Amino acid sequence: MSTTATMDVARIGRMLGAQTKAQLLTRMRIPAFTVLSLGMPVMFFALFNAIFGSQKQAPGVTTGEYILVSYATYAVANVMVYNFGIGIASERGRKLDLLQRAMPVPPLVPVAAQIISVIVFAFIALLLLFAYAFLVGGIRLGAATWLDLLWRLLLGSFPMMGLGLAIGYGTGANAAPAVVNVVYLPMSFLSGIFIPFSILPSTVQKIGQVLPTYHYANLGWNILGPGAAYESSGTALLWLAAWTVVLFAIALRIYRLDETQKFS
Amino acid sequence: MTNAAVELIDAHKRYGSVEAVKGVNVAIHPGELVAMLGPNGAGKTTSINLMLGLRKPTSGRARLFGLDPDDRRARSRCGVMLQDSGVPDTLTVRELVELFTSYYPHPMSPDRAIGLAGLDQQAKRQAGKLSGGQRQRLYFALAVCGDPELIFFDEPTVGMDVESRRSFLDSIREFGREGKTIVLTTHYLEEADELAERVIVIDRGVVIADASPAEIKSHVVGRRVSFTTSQPLSEGDLRGLPYSRLDLDRNRVRLFSNAPEAVLRELFSRGVEIRDLQVVGADLEEAFLALTTEAEKETVA
């Protein structure tokens, strides 16, 4: 009995590997996707860093360092929301899931492959941005700080993953890009990712303070010192955990609805 | 325990207010080459979806190798070519075949599957850049690459030109000879006749015939004969002729027959003058009319 179980685990591992590879190749070859998710954050950072980079954001923190963290959160959230939201919706629209569903592969394998490939893309987007910031942008953080930033950005991205999945399974192929932009872009603005949070009007700040992107950015800003962030890492993590639960619950519900509609 | 490869037992499927399948009983045994034949919207695709576990019966049961069709042990023994599904356009033929072989416990080599589908030249081409016929062959490669015992083909030749259709049917026949069980749906009587040993005719959600192609053919009308005559004809003038349905409107005659030559020979010998003669194959709707009315008679009786 236990040997069949191990064989099964090995087989599912093989499926997951093949599925993840296919998923990565599929997305990598769509230029709109690679440019949008890998190129845009670097471009934005390059632009704003060149203009404001050397100014002082907080005691001991330059604006360059501050916006590096902002655009790093933008890069990861961007990959999560666009990749899942638009990617899954368009794949569903072309019924890519139908044939796969008739195969001897557990339905969770393709979902897991989506998640792994998106994390890989987020990682690549961050490495590109960090490399540019270090080599061209003149940003100097200690090795430990770079690593600290990296894991915070990946850990804090779960709510964005949930949001992307909910949009991907909940909208049609034509509506998804619009929904993604309508939901995600204002969220980023209100959270102080594109413009410093401190210069937003206080009513706008009140809205921003509940958004997952706000807490996500704060989790990052904390590595620069307490003066650079608007709340502690602990508070940010609690908020992000709550948002993860809420958004994944919504995504799961939408996923189930879609499944029932198509496969029952 | 039954040893059928696929089974539908009094299966019903309702979508909202529409009952697409109304009590289908079918058992397909290992090694059989079966065509499910019927006009569009007859319930063929729904039946296939029930067999594959893509849809759950509203009532009744579907079994695949004696198991629930969702069961991976059952699905590992099946290959599938669906009418209406896609693959990522940016993956190459080879990458897709490799992906699909990963789903199966004992797949064939990707090269063999690509070769069987006749896509060696296109192995490195992205799916989005294939022609329509090549795309169908890609789906064929994906259906066979797991080296399954049982393969489903849902309307595999739709949109194919004559040449690709011919070679495609040859490949399916080849699989049949290797002892694979094959279930295909089609709305071409000739296709079912050419390929299958057994034809299951579905119309309006019920099985109206389940027999050899020869038997089916003897029950359906093959040809539509129409002509005009110089003098008005009456039904009496056609007495004793081998036709099944007659539309008579003074000088215009339309009838269905499996022996149009005999009908015409007899008419000539009776001295009927015929103009504007047309003999064409009856379309599927017309061909099934005979079967359908027979089935209705049975339900009435």
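Conventions adopted
Residues numbered from 1 in each chain as written. Chains lettered and ligands numbered in written order. Predicted model: local features only at pLDDT ≥ 70, side-chain atom pairs only at ≥ 80, totals over all residues. Heavy atoms only, no water. Helix = DSSP H or I, 4+ residues; strand = E, 2+ residues; numbered from the N terminus. Contact = heavy atoms within 4.5 Å. Areas by Shrake-Rupley, 256 points an atom, 1.4 Å probe, with all protein chains shown as cover. Lys, Arg positive; Asp, Glu negative; His and termini not counted. Charge placed at Lys NZ, Arg CZ, Asp CG, Glu CD. Pairing = 2+ DSSP bridges. Axes fitted to C-alpha atoms, helices over the stretch in contact; angles between N-to-C directions. Buried < 20%, exposed > 50% of the residue type's maximum accessible area, 1.4 Å probe, protein only. pLDDT = per-residue confidence, 0-100. Parallel < 35°, antiparallel > 145°, perpendicular 65-115°, else oblique. Left-handed = near helix turned anticlockwise from the far one by under 90°.

Quick notes on the overall build of chain A
So, point 1. Across its full length, chain A holds 11 helices and two strands.
So, point 2. For chain A, the C-alpha atoms occupy an extent of roughly 60 × 40 × 35 Å along the three principal directions.
So, point 3. Expressed as a percentage of contacts within chain A between residues at least 6 apart in sequence, the contacts between residues at least 24 apart total 75%.
So, point 4. By element, 74% of the accessible surface of chain A is carried by carbon and sulfur atoms, the whole surface being about 11500 Å².
So, point 5. On chain A, the mean spot of the 16 positive side-chain charges and the mean spot of the 8 negative ones are 5 Å from each other.

Points about the sheet that holds strand β8 (residues 198–203) of chain B
Residue and element names in this part refer to chain B.
So, point 1. The six strands lie next to each other as β5-β6-β7-β3-β8-β9, forming an open sheet whose pairing is mixed. The open sheet has two edge strands, β5 (78–81) and β9 (206–211), and neither has a second partner. Taken pair by pair, the neighbouring strands of this sheet meet at an average axis angle of 15°, ignoring direction.
So, point 2. Across five bridges, strand β6 (residues 150–154) lies against strand β7 (residues 181–186) in parallel orientation. Residue pairing across strands places L150 opposite T181, the latter belonging to β7.
So, point 3. Sitting on the sheet, helix α5 (residues 132–144) touches β5 and β6, and the angle it makes with β5 is about 165°.

Describing helix α3 (residues 93–101) of chain B
So, point 1. Within α3 of chain B, seven of the nine residues are buried, which leaves it mostly tucked inside the rest of the structure.
So, point 2. Looking at α3 of chain B, one finds that the buried residues are V93, E95, L96, V97, L99, F100 and T101 of chain B.

As for the confidence of the model for chain A
Detailed reading of the predicted model is not advised wherever pLDDT is low.
So, point 1. For chain A, mean pLDDT is 89; residues scoring 70 or higher make up 97% of the total.
So, point 2. Mean pLDDT values for the elements of chain A range from 81 in strand β1 (residues 56–58) of chain A up to 94 in helix α10 (residues 212–221) of chain A.

Looking at the sheet that holds strand β4 (residues 59–64) of chain B
Residues and elements named next belong to chain B.
So, point 1. An order of β2-β1-β4 is seen for the three strands of this open sheet, with the pairing classed as antiparallel. Looking along the sheet, the strands with just one partner apiece sit at the ends: β2 (18–28) and β4. The average angle at which neighbouring strand axes cross in this sheet is 25°, direction not considered.
So, point 2. The sheet contact formed by strand β1 (residues 6–15) and β2 spans eight bridges and is antiparallel. Within β2, the position partnered with K13 by the bridge is V21.

Examining the side chain of N218 of chain A
So, point 1. Considering the arrangement of structural elements, one finds N218 of chain A in helix α10.
So, point 2. Leaving out residues up to four positions away in the same chain, N218 of chain A has contacts with A229, Y230, E231 and A236 of chain A.

Here we look at the pairing of β1 of chain B
Residue and element names in this part refer to chain B.
So, point 1. When β1 meets β4, the two strands line up antiparallel, connected through five bridges. Among the inter-strand pairings, L8 is bridged to a residue of β4, identified as A62.
So, point 2. Here β1 hands over to β2 after two residues, with G16 in that stretch at a positive phi of 60°.

With respect to the packing of helix α3 (residues 63–93) of chain A against helix α5 (residues 108–135) of chain A
Residues and elements named next belong to chain A.
So, point 1. Taken N-terminus to C-terminus, the directions of α3 and α5 make an angle of 150°; their axes are 9 Å apart at the nearest point. The angle between the axes of α3 and α5 places the two elements in the roughly antiparallel class. Where α3 crosses over α5, the handedness of that crossing is right-handed. Every residue of α5 that contacts α3 at L68, Y71, A72, A75, V76, V79, M80, N83, F84, I88 and E91 is listed here: Q114, I115, V118, I119, F121, A122, A125, L126, L129, F130 and A133.

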